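# Coordinate inspection notes
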Amino acid sequence: MPDGEVDLHIHTSASSDGQHSPEEIFKMAKAEDLRAIAFADHNSVGNLEEGFLLSETFQIELIPCFELNTMYEGMDLHLLGYFIDYKEPAFHEWLAEIEAAKWIQAKKRLKALKSLDFRIEEADLERAAHAKIPSGSTFLRALLEKEGTTVDPRLRPYVDGDRSESPSLNFYRDYFRKGKPACVPLDVCSTREGIRKIKRFGGVPVQAHPSDTGDEIITKLIHAGLMGLEAYSSYHNDEESGHFYELAKKHDILFTAGSDFHGKKIKPNVELASVAGSSYEVVEKLKDARKKI
């Protein structure tokens, strides 16, 4: 079979901010003539079983993966765990610990937004979350669905202003990231621990969209066992992608490519299979790396 394109960072409905079901994702991947995809749901492998059944139906390879929230010096850094042994009971126990911590974080974020005089209550958040852990997009949706809150001048930029091109991501960046007014660090898993545990469960740890991490920190993480960088991402422009590709080559680690697709409702400007560097060779190198763990 000839090499085809891949997308190794796709979110499904198993993510708190994922719009599409596994079947919808596979239909999109088929339309793009993709050879391989990876579900990279936030701290979840809940749709992998269904995904592997669909993989056979659609004849598209599915790479088991998840996206892990970790903390490094107050920064929320995300790791991708490719080829994770998602059936291991201890792995699911670990994810359950992270899920419990994420629920606590969500409640603290709600309290922080209320302290900033945003009109939002727990019931509003529950309505918007649909029984999932509230993400940045959930908080913004809850605020915008609240009667009358769209007149709040702080929300207008996300509706039709300069933050509306990717409102959910921008709201997260403006309120929940390090140094922002509703930042609540998730201290349940350090980045170093995340790298160790992904390897423990047979996975290949790759840093997702490392655009604002800094080369010095990335180098420290490589020394701690990080095995790859997501060089090609919707977060990166061509210059940044080239930089991370060269950085990965310099340190003799992997580079990967993924769109970080969530669906148009969440990230309007991100298309499936929309990034460069997406040769199937990336998958082959990930498979080789897994043998070395």
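These numbers come from a predicted model, not from an experiment. (Residues numbered from 1 in each chain as written. Predicted model: local features only at pLDDT ≥ 70, side-chain atom pairs only at ≥ 80, totals over all residues. Heavy atoms only, no water.)

Of the regular secondary structure elements, the protein chain holds eleven helices and eight strands. Expected size for 293 residues packed as a compact globule is a radius of gyration near 19 Å; at 19 Å, the protein chain falls within 12% of this value. Considered along the principal axes of its C-alpha atoms, the protein chain spans approximately 55 × 40 × 40 Å. Looking at the 293 residues of the protein chain, the share that counts as buried comes to 54%. If you take every contact in the protein chain between residues at least 6 apart in sequence, the share linking residues at least 24 apart comes to 69%. Just so you have it, the protein chain exposes about 13,300 Å², and 49% of that area is on carbon and sulfur atoms. (Helix = DSSP H or I, 4+ residues; strand = E, 2+ residues; numbered from the N terminus. Rg over C-alpha atoms; globule rule 2.2 N^0.38 Å. Buried < 20%, exposed > 50% of the residue type's maximum accessible area, 1.4 Å probe, protein only. Contact = heavy atoms within 4.5 Å. Areas by Shrake-Rupley, 256 points an atom, 1.4 Å probe, with all protein chains shown as cover.)

A separate point is the packing of aromatic side chains. In this description, a pair of aromatic rings is defined by centroid distance and the angle of the planes. Taken as a whole and assessed by the stated rule, the structure comprises 17 aromatic pairs. Relative to Tyr86, the ring of Phe52 lies with its centre 5.8 Å away and its plane at 15°, an arrangement referred to as stacked. Here Phe52 is found in helix 2 (residues 48-58), whereas its partner Tyr86 is found in the loop between strand 5 (75-82) and helix 3 (89-115), with 34 residues between them in sequence. We classify Phe52 as partly exposed; its relative accessible area is 25%. With centroids separated by 5.8 Å and ring planes inclined at 85°, the aromatic side chains of Phe171 and Phe176 adopt a geometry described as edge-to-face. Of the two residues, Phe171 and Phe176, both sit in the buried class. Three or more aromatic residues link up through ring pairs in this structure, and these residues are Phe118, Phe139, Tyr158, Phe171, Tyr172, Tyr175 and Phe176. (Phe/Tyr/Trp six-rings, centres within 6.5 Å; stacked < 30°, edge-to-face > 60°.)

Ile37, Phe66 and Phe91 are the most contacted members of the largest nonpolar core, which has 47 residues in total. Among the elements that line this core, the one with the most residues is helix 3, at five residues. Ignoring sequence-local partners within four residues, the contact set of Phe91 consists of Val45, Phe66, Ile84, Asp85, Tyr86 and Phe201. (Core = buried A, V, L, I, M, F, W, Y, C linked by side-chain atoms within 4.5 Å.)

As a further point, take the pattern of salt bridges. Here the structure, examined in full by the defined rule, presents 15 salt bridges. The salt bridge partner of Glu121 is Lys114, with a shortest N-O separation of 2.9 Å. Classification of Glu121 as partly exposed rests on a relative accessible area of 40%. By relative accessible area, Lys114 is classed as partly exposed at 34%. Through salt bridges that share partners, Asp124, Arg127 and Lys146 make up one connected network. (Salt bridge = Lys/Arg side-chain N within 4 Å of Asp/Glu carboxyl O.)

Read across the open sheet, the three strands follow the order 1-2-3; overall the sheet is parallel. Each having just a single partner strand, strand 1 (6-10) and strand 3 (61-63) make up the two edges of the open sheet. The sheet shows a mean angle of 20° between the axes of neighbouring strands, direction not considered. Judged from the three bridges that link them, strand 2 (residues 36-39) and strand 3 form a sheet pairing that is parallel. Considered in strand 3, the bridge of Ile37 is made with Leu62. (Pairing = 2+ DSSP bridges. Axes fitted to C-alpha atoms, helices over the stretch in contact; angles between N-to-C directions.)

For the rest of this paragraph, the subject is unusual backbone geometry. Despite not being glycine, Asp252 has its phi angle at roughly 55°, a positive value. Phi at Ala273 is positive, roughly 55°, even though this residue is not glycine. Mapped onto the secondary structure, Ala273 falls in the loop between strand 8 (254-258) and helix 11 (281-290).

Purely geometric numbers; function is a separate question.
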